[in-house]
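Understanding the architecture of this molecule
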Amino acid sequence: MSSGGEMSSGQLLQQMALLQWLSSQTDEDRSLLTAVTGIRVARELLDRFTGQNEVDSYKRECILSIAEFVRQNPQASQDQINAEVENRVRLFAARVKALETAPIF
């Protein structure tokens, strides 16, 4: 589920395939459900192997922390903002780099 409580496109597609199979019980619909589920599992494994979920999370945190700094410091000069952005991006890059040695599971 996404943070807003909505299903992702993949989750919705899987639920639609499940609903179709539950209502029909045909081999064709079971095969479709199996394929959709397999794709979702493969995507999750790929994201875990590549660390993409963590990178996306770190990216969101970086952007939100910069926005928070600007919000809390409306009088900050452009140089101060640039320095804060530089620090936050440096932290983001270090966190992504650390993923290279992090365990997969």
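Below you will find a few notes about this structure.

Conventions and cut-offs
- Residues numbered from 1 in each chain as written.
- Predicted model: local features only at pLDDT ≥ 70, side-chain atom pairs only at ≥ 80, totals over all residues.
- Heavy atoms only, no water.
- Helix = DSSP H or I, 4+ residues; strand = E, 2+ residues; numbered from the N terminus.
- Rg over C-alpha atoms; globule rule 2.2 N^0.38 Å.
- Expected span 1.5 Å × (residues − 1).
- Buried < 20%, exposed > 50% of the residue type's maximum accessible area, 1.4 Å probe, protein only.
- Contact = heavy atoms within 4.5 Å.

**Some details on the overall build of the protein chain**
The helix and strand inventory of the protein chain stands at 4 helices and 0 strands. Overall, the protein chain shows an N-to-C arrangement of helices and strands of α-α-α-α. For 105 residues, the compact-globule estimate of 2.2 N^0.38 gives 13 Å, and the C-alpha radius of gyration of the protein chain, at 21 Å, exceeds that figure by more than 25%. Once the C-alpha set of the protein chain is aligned to its principal axes, its extents read approximately 65 × 30 × 15 Å.

**Observations regarding helix 2 (residues 27-50)**
Taking 1.5 Å of rise per residue, 24 residues should cover 34 Å, and helix 2 covers 34 Å from first to last C-alpha, within 8% of that figure. Residues of helix 2 that are buried include every one of Asp29, Leu33, Val36 and Asp47, and no others. Tucked into the core, helix 2 has its buried residues touching helix 1 (9-24) and helix 3 (52-72). Backbone geometry just after helix 2 places Gly51 at a positive phi near 75°.

**Details of unusual backbone geometry**
Here the phi dihedral of Gln25 falls at roughly 60°; this positive angle occurs in a residue that is not glycine. Inspection of the secondary structure assignment puts Gln25 in the loop between helix 1 and helix 2. What makes Gln25 partly exposed here is its relative accessible area of 48%.

**Considering the environment of Gln78**
Position of Gln78 among the secondary structure elements: in helix 4 (residues 78-98). What makes Gln78 exposed here is its relative accessible area of 52%. Sequence-wise, Gln78 and Arg30 are 48 residues apart; in three dimensions their C-alpha atoms are separated by 58 Å.

**Observations regarding the environment of Ile39**
Along the chain, Ile39 falls in helix 2. Put simply, Ile39 and Leu19 are 20 residues apart on the chain and 17 Å apart in space, counted from C-alpha to C-alpha.

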